[in-house]
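Residues per chain, in single letters:
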Amino acid sequence: MGEALGRILVVDDEHDLRALLQRYLSDQGYAVRTLDGGQRLEHLLGRERFDVLVLDVMMPGEDGLSLCRRLRAQGETIPIVMLTARGDPLDRIIGLEMGADDYLPKPFNPRELQARIEALIRRQRMLGAHSGPLPGDGRIGFGPFSLHFGERRLSRDGRDIPLTSGEFALLQALARHPRRPLGRDRLIELSRGRDHEASDRSIDVQVMRLRRAIEDDPAQPRYIRTVWGLGYVFMPDGRAEDQP
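Each value, and the rule that gives it
Residues numbered from 1 in each chain as written. Predicted model: local features only at pLDDT ≥ 70, side-chain atom pairs only at ≥ 80, totals over all residues. Heavy atoms only, no water. UniProt positions renumbered as here; feature names shortened; annotations may be inferred. Helix = DSSP H or I, 4+ residues; strand = E, 2+ residues; numbered from the N terminus. Axes fitted to C-alpha atoms, helices over the stretch in contact; angles between N-to-C directions. Parallel < 35°, antiparallel > 145°, perpendicular 65-115°, else oblique. Left-handed = near helix turned anticlockwise from the far one by under 90°. Contact = heavy atoms within 4.5 Å. Nonpolar A, V, L, I, M, F, W, Y, C, P; charged D, E, K, R; others polar. Buried < 20%, exposed > 50% of the residue type's maximum accessible area, 1.4 Å probe, protein only. Pairing = 2+ DSSP bridges.

In the nomenclature of an unreviewed UniProt entry, the protein is known as Two component transcriptional regulator, winged helix family of Azotobacter chroococcum NCIMB 8003. Heading Subcellular location (unreviewed entry) of the UniProt record for the protein holds this comment: "Cytoplasm".

What follows is the structure in structure tokens.
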């Protein structure tokens, strides 16, 4: 048997859904582990490598939103797809603000979840792909920061700053097109691919999170500026006179 297409960890308190996803995703060529809650999640993530975490929002004990927030606060960067029975769009926004990469309401077709998993894995593997001119060492510096494309990491004065895969992909897209205003649709295409059904709001949420990570004053950003009526522009020099 060949190598698995990816390693998936599913955390959901519904036994039937866990069994369905394990069977379906395994049949599609993935290696799948499941948990019925978050009690052993961090222990398992510390011991084994996974490509995508599928995390249910509504679980007894600590819910998925709290788990997601805690994982991101600890520097965990695994791509996360959140599942929820809630239909309120606000819950999707909250999930993205907690650091989730994608969001799928229940009930859903397992094939749609597979497509979203494939998109996240593909994005992870293509983050270092060429989509614009790069310096010889595959690194872009701005202010005290260094964005390392091949290593998929951001550092400040030599200290790594944890980013989710979605945040890194968005920052990479901006940094590859410095001083060029980019609309939200274009940023979705550059960071997630043409086939990804993301919303403008999801880009805004990730920009907000990036500003918290790199700006001294997120309310007065120097590097990721808003271009009113269009989207955002990356200003590597961060000077006030660069304001578009």
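**Q** What am I meant to see in unusual backbone geometry here?
**A** Backbone phi values are negative for most residues with the exception of glycine, while trans is the configuration of most peptide bonds. The omega torsion of the bond from Lys106 to Pro107 falls at -10 degrees, within 30 degrees of zero and hence cis. On the secondary structure map, Pro107 appears in the loop between strand E5 (102–105) and helix H5 (110–126). Not every positive phi belongs to a glycine, and Asp157 is a case in point at roughly 50 degrees. Residue position: Asp157 is located in the loop between strand E8 (153–156) and strand E9 (159–161).

**Q** Help me out: how do you make sense of the packing of helix H6 (residues 165–175) against helix H7 (residues 184–192) in this one?
**A** Between two packed helices, what matters for the description is the angle formed by their axes and the separation of those axes. Axis separation between H6 and H7 bottoms out at 8 Å; the angle between their running directions is 115 degrees. Relative to H7, the element H6 is oriented roughly perpendicular. Every pair of crossing elements has a handedness; the one defined by H6 and H7 is right-handed. On H7, the residues touching Ala169, Leu170, Ala173 and Leu174 of H6 are Leu187, Leu190 and Ser191. Residues that form the contact of H6 with H7 fall into these classes: 6 nonpolar, 1 polar and no charged.

**Q** Looking at this model, I keep getting lost on H6. Mind explaining?
**A** Working note: α-helix, 3.6 residues per turn, so residues spaced by three or four point in the same direction. With 11 of 11 residues buried, H6 lies mostly within the body of the structure. Every buried residue of H6 is accounted for by Ser165, Gly166, Glu167, Phe168, Ala169, Leu170, Leu171, Gln172, Ala173, Leu174 and Ala175.

**Q** I keep staring at the sheet that holds E9 and nothing clicks. Help me out?
**A** A sheet is described by the order of its strands in space; here 4 strands give the open sequence E6-E7-E8-E9, paired in antiparallel fashion. Two strands close off the open sheet at either side, each with one partner strand: strand E6 (139–142) and E9. Averaged over all adjacent pairs, the angle separating strand axes in this sheet is 30 degrees, with direction ignored. Judged from the 3 bridges that link them, E8 and E9 form a sheet pairing that is antiparallel. Among the inter-strand pairings, Arg156 is bridged to a residue of E9, identified as Arg159. Sitting on the sheet, H6 touches E6, strand E7 (145–148) and E8, and the angle it makes with E7 is about 100 degrees.

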